[in-house]
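Coordinates in review
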Amino acid sequence: MFVCSCFGVTEAQVQQHAASGACTPRQIASACKAGTDCGSCVRRIQAILGRGTLPRRDLADRGATVASDAELLEEAA
């Protein structure tokens, strides 16, 4: 299912970026541009990310390597 119709970003793609460490809509936008055009998908992205949760912190607590904002920006470039 498409989350962002402007850039053709699917829910699975957003979940994949979140699993890689993106935990805010801005980080998702840096990774795949979702939410950077009309903005209508930002609330859906927030819902997928689980507002109020800290997925990166949970990953780090489990010993997983998490991407920094700078790393996510480099991947998007």
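Below: a short report on this structure.

Some thoughts on the environment of Thr36
- As for its placement among the helices and strands, Thr36 is situated in the loop between helix H2 (25-32) and helix H3 (42-49).
- Residue class for Thr36 comes out partly exposed when judged on its relative accessible area of 45%.
- Note: C-alpha distance between Thr36 and Cys4 (32 residues apart in sequence) is 9.4 Å.
- A distance of 2.6 Å separates a polar side-chain atom of Thr36 from the backbone oxygen of Lys33.

A short note on the pattern of salt bridges
- Scanning the model with the defined rule gives 1 salt bridge in all.
- Here Arg44 makes a salt bridge to Glu11, at a shortest N to O gap of 2.8 Å. Of this pair, Arg44 sits in helix H3 while Glu11 is found in helix H1 (residues 11-19), placing the two residues 33 residues apart along the sequence.

Cut-off values and rules
Residues numbered from 1 in each chain as written. Predicted model: local features only at pLDDT ≥ 70, side-chain atom pairs only at ≥ 80, totals over all residues. Heavy atoms only, no water. Helix = DSSP H or I, 4+ residues; strand = E, 2+ residues; numbered from the N terminus. Buried < 20%, exposed > 50% of the residue type's maximum accessible area, 1.4 Å probe, protein only. Polar contact = N/O pair within 3.5 Å; in protein donor to acceptor, adjacent residues only side chain to side chain. Salt bridge = Lys/Arg side-chain N within 4 Å of Asp/Glu carboxyl O.

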